Amino acid sequence: MSSSSIRSRLTLLALLSATTFYFVYKSRRLNKLLNLSLNLKKPSLKKGKLLFISQTGTSRTLARRLHSLLTSQNFPFDLVDAQNYEPEDLPKETLIIIVASTWEDGKPPEAAKFFTNWLAESANDFRVGSLLLSQCKFAVFGVGSKAYEKSFNLVAKDLSTKLRELGAAEILPVVEGDDDGGELDVLFDDWSKRVVGVLKGGDQVGNGNVESAVGMESEDDGHYDDDEEEEEEEVLSEVVDLEDIAGKAPSRRSVNVAETNGTVKNGKRDMVTPVIRASLEKQGYKIIGSHSGVKICRWTKSQLRGRGGCYKHSFYGIESHRCMEATPSLACANKCVFCWRHHTNPVGKSWQWKMDDPLEIVNSAIDLHTKMIKQMKGVPGVTMERLNEGLTPRHCALSLVGEPIMYPEINSLVDELHGRRISTFLVTNAQFPDKIKDLRPVTQLYVSVDAATKESLKAIDRPLFGDFWERFIDSLKALKDKQQRTVYRLTLVKGWNTEEVDAYSKLFSIGHPDFVEIKGVTYCGSSATSKLTMENVPWHSDVKAFSEALALKSEGEYEVACEHVHSCCVLLAKTERFKVNGQWFTWIDYEKFHDLVASGRHFNSKDYMAATPSWAVYGAEEGGFDPDMSRYRKERHHKSKP
């Protein structure tokens, strides 16, 4: 055979071999692509994980809502509390969605710290590497309070950062929900729809289902060389990975809140959103306009029935059945651990809402209050005389909830009350010193002194302001310049501030209050927002011991003047000013106060003081209970202190 013939045959053999290899290779690629296509069209058996990190239950509720939506759209997810999730399993996950709350100081709730710490430690461990979660896709929705500014949704943002550092791919940017802003539900529902849209693939992925594209299991091993990836992109040009979709997905649409819940008008929104309104009304509050409230006090009901008045009746002579408890601002700048309202009211550091007219607030408050008084008609013990008196309120405790002094027209509101000869007891939480300075005379001005050191004040009041301690001290200084009656109000929380006698006594020289009220904390039931239990509630004997020690520290400047055993409350009074010839004068001559206000001339706290009855004095047999009332004792089923 000639050499040319041999070369021809070898060439033909090479061509046949190349052709065979080409078709075998293309066949393998076709089978691989076919398998991938089939996987795209059938749901995977592996579920995604929907985790929630929650303290008060808000994130849990939102996560449940999203889980229902995902289930209805045939996307299988396990709903898991992060505290019950094993973070070591994260590398096995292909898709996780997290709804995360931020708690104190920008930290996660205590129960979720193991999960978040594991992420942080893994991200910072050079041995772990940045590919640990490379098979995982994720999205995070944050729940926090914008009032805390720097720590707003830190947990959600940190989770996103740490997951990305470990190689996970974010399918949607972090969305930061504001629990106190009134738009959380709208924002979350909008985000949830976007999550579903991304999972479906929308217009960007054609009509196919994309479970495998978000990292859920497929039968393919996922290993290709570079040439294969390039070829695959050409053949499956319409299949888009969710990493790419995350960048292509439409941005969050702007939500017109006015259209959704009618809370915005002329650029200002209502302080009380429909959700907050429903919560407060469930607790018995009557909401006035867009930011005020009124509620009938149990002591008002008690004195209407002839069963005794509150501690203000014993200490200052108010008629509890003629007292209206109200506030022109349901918002507060603190989230105290002993909050009676379990933080269902709004929070804020400045007035950013619509503002109602002070005259309308006063008129509505009196109208709603008298309607609640009328409902007491026919209740055992309520006489027509007391009922008719109750229909004409003579006192207003501006201490219902929130921070009354935040209301920009607080002076006009106080003037309106005084014009109707209604006395004013105003309580402020010591975070607005300038407002205290600008405040016109009230019958009695309180500053809440919930702790005596910076550390304990932060722990107890959980203030929004970063400079809370400076504001607190400046508020006490502002109190010193007031000529009318001033009060430090101390709430004792066992295990939190009951050991701070020395530190409290040092605060006396800053504000020089006329009185110091010392009251045991009221236990308001269990709450996700508070760690308090009955163990934190002091006995009256504890409050008395603390009060006596505090008076002793003052070296005679203050003495223990009154007590109200039922309220677990004791009053210290300035000896030089309010003890005359051995007689205490802690009560108020209300008619004289109104005459002084109407006169327009300067006056001070001594100008309208009145004698304290013997039954209200500290150590009296009555324990501060008015003997003209009928003592009613409830049956007690718990053990008394020995």
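Quick caveat, the model's predicted, so the values are computed rather than measured.

Asks: Break down the overall build of the chain for me, citing the residues and quoting the values.
Replies: The secondary structure content of the chain amounts to 21 helices and 22 strands. Residues classed as buried in the chain amount to 52% of the 642 residues present. Long-range pairs, those at least 24 residues apart, make up 76% of the contacts in the chain between residues at least 6 apart in sequence. Carbon and sulfur atoms form 49% of the exposed surface of the chain, whose accessible area is close to 30700 Å².

Asks: Give a description of helix α3 (residues 113–124) that names residues and reports values.
Replies: For α3, with twelve residues, the first-to-last C-alpha span of 16 Å sits near the 16 Å given by 1.5 Å per residue. Lining the buried residues of α3 we find β1 (48–53) and α4 (154–165).

Asks: With reference to specific residues and values, describe the environment of Ile405.
Replies: Inspection of the secondary structure puts Ile405 in the loop between β12 (395–398) and α14 (410–419). Distance from Ile405 to Thr327, taken between C-alpha atoms, is 9.2 Å for residues 78 residues apart in sequence. Leave out the neighbours within four places in its chain, and Ile405 touches Ile410, Thr428, Phe432, Lys435, Ile436 and Leu439.

Asks: Please give an account of the sheet that holds strand β15 (residues 485–492) that cites residues and values.
Replies: One open sheet accounts for ten strands, arranged β9-β10-β11-β12-β13-β14-β15-β16-β18-β17; its pairing is mixed. Each edge of the open sheet is held by one strand with a lone partner, namely β9 (286–288) and β17 (558–564). The sheet shows a mean angle of 25° between the axes of neighbouring strands, taken without regard to direction. Most of the contacts of helix α18 (residues 501–511) go to β15, to which it runs at about 160°, and overall it touches β15, β16 (515–520), β17 and β18 (569–574).

Asks: Any chance you could break down the state of the cysteines for me, citing the residues and the numbers?
Replies: Applying the stated criterion across every chain, the model contains zero disulfides. Of all cysteine sulfurs in the structure, the one in Cys310 sits closest to Cys297, which takes part in no disulfide; the separation is 6.3 Å. Exposure remark for Cys297: the relative accessible area of 23% places this residue in the partly exposed category. Of the cysteine sulfurs around Cys396, a residue in no disulfide, the closest is that of Cys323, at 7.1 Å.

Asks: Any chance you could break down the packing of aromatic side chains for me, citing the residues and the numbers?
Replies: Taken as a whole, this structure holds 21 aromatic pairs when the rule is applied. Where Tyr316 meets Phe515, the ring centres are 5.9 Å apart and the plane angle is 70°; that geometry is what we call edge-to-face. Placement of the pair is Tyr316 in helix α11 (residues 311–316) and Phe515 in strand β16, with a sequence separation of 199 residues. What makes Tyr316 buried here is its relative accessible area of 0%. Here Phe593 and Phe603 contribute two aromatic rings whose centre-to-centre distance is 6.0 Å and whose plane-to-plane angle is 75°, an arrangement assigned as edge-to-face. Taken together, the residues Phe593 in helix α21 (residues 590–599) and Phe603 in the loop between α21 and β22 (609–610) connect sequence positions ten residues apart. For the pair Phe593 and Phe603, a shared accessibility class is recorded, and that class is buried. Among the aromatic residues, those joined into a ring-pair cluster are Tyr311, Phe315, Tyr316, Phe425, Tyr446, Phe515 and Phe578. Sitting above the plane of the Phe465 ring, Arg471 keeps its charged end 3.7 Å from the centroid.

Asks: Pulling in residues and values, what's your account of the pattern of salt bridges?
Replies: Tallied over the full model, the rule gives 25 salt bridges. Measuring nitrogen to oxygen at the nearest pair gives 3.5 Å for the salt bridge that ties Lys49 to Glu93. In this pair, Lys49 sits in strand β1 while Glu93 sits in the loop between β2 (77–81) and β3 (95–101), placing the two residues 44 residues apart along the sequence. Between Lys92 and Asp89 there is a salt bridge whose closest N-O contact spans 3.5 Å. Classification of Lys92 by relative accessible area gives exposed; the value is 58%. Judged by relative accessible area, Asp89 falls into the partly exposed class, the value being 27%. Here the salt bridges do not stand alone but share partners, grouping Lys47, Lys49, Asp78 and Glu93 into one network.

Asks: An account of unusual backbone geometry is needed here, citing residue identities and associated values.
Replies: Of note, His512 is a non-glycine position whose phi angle comes to about 45°, a positive value. As for its placement among the helices and strands, His512 is situated in the loop between α18 and β16. Residue classification places His512 among the partly exposed residues on the basis of a relative accessible area of 31%. In the Ramachandran plot, Asn581 falls in the positive-phi region, its phi being about 55° despite a non-glycine side chain. Mapping Asn581 onto the fold places it in the loop between β19 (579–580) and β20 (583–584). Accessibility expressed as a relative area gives 81% for Asn581, which makes it exposed.

Asks: Describe in detail the side chain of Arg394, supporting the description with residues and values.
Replies: Structurally, the position occupied by Arg394 is in the loop between α13 (384–390) and β12. Of the buried charged residues, Arg394 lacks a salt bridge, with Glu591 as the closest side chain of opposite charge at 5.3 Å. One polar contact links the side chain of Arg394 to the main-chain carbonyl oxygen of Arg420, over a distance of 2.5 Å. Setting aside chain neighbours within four positions, we find Arg394 in contact with Glu319, Arg322, Arg420, Arg421, Ile422 and Ser423.

Asks: Account for the side chain of Ser151, with residues named and values stated.
Replies: Relative to the assigned elements, Ser151 resides in the loop between β4 (137–144) and α4. Filtering out sequence-adjacent residues up to four positions away, Ser151 remains in contact with Thr102, Asp105 and Gly106.

Asks: Outline α14, supporting the account with residue identities and numerical values.
Replies: For an α-helix, the turn length of 3.6 residues means that residues three or four places apart are oriented alike. What α14 keeps buried is the set Ile410, Asn411, Leu413, Val414, Leu417 and His418. For α14, the arc enclosing every buried residue in end-on projection is 160°, short of the 170-degree limit, so these residues lie on one face. Those residues of α14 that are buried lie in contact with β11 (323–327), α12 (358–374), β12, β13 (423–428), α15 (433–438) and α21. Note on α14: the residue one or two positions beyond its end, Arg421, has a positive phi of about 55°.

Asks: Hey, could you go over the environment of Leu476 for me, with residue numbers and the actual values?
Replies: Here Leu476 shows up in helix α17 (residues 468–480). On the basis of relative accessible area, Leu476 is assigned to the buried category, the value being 0%. Along the sequence, Leu476 and Ser509 sit 33 residues apart, while their C-alpha atoms lie 9.4 Å from each other. Residues contacting Leu476, with those up to four places away along its chain left out, are Val447, Val449, Tyr488, Leu507, Ile510 and Gly511.

Each value, and the rule that gives it
- Residues numbered from 1 in each chain as written.
- Predicted model: local features only at pLDDT ≥ 70, side-chain atom pairs only at ≥ 80, totals over all residues.
- Heavy atoms only, no water.
- Helix = DSSP H or I, 4+ residues; strand = E, 2+ residues; numbered from the N terminus.
- Buried < 20%, exposed > 50% of the residue type's maximum accessible area, 1.4 Å probe, protein only.
- Contact = heavy atoms within 4.5 Å.
- Areas by Shrake-Rupley, 256 points an atom, 1.4 Å probe, with all protein chains shown as cover.
- Expected span 1.5 Å × (residues − 1).
- Pairing = 2+ DSSP bridges.
- Axes fitted to C-alpha atoms, helices over the stretch in contact; angles between N-to-C directions.
- Disulfide = S-S within 2.5 Å.
- Phe/Tyr/Trp six-rings, centres within 6.5 Å; stacked < 30°, edge-to-face > 60°.
- Lys NZ or Arg CZ within 6 Å of the ring centre and 35° of its normal.
- Salt bridge = Lys/Arg side-chain N within 4 Å of Asp/Glu carboxyl O.
- Lys, Arg positive; Asp, Glu negative; His and termini not counted.
- Polar contact = N/O pair within 3.5 Å; in protein donor to acceptor, adjacent residues only side chain to side chain.
- Arc of directions from axis to C-beta.

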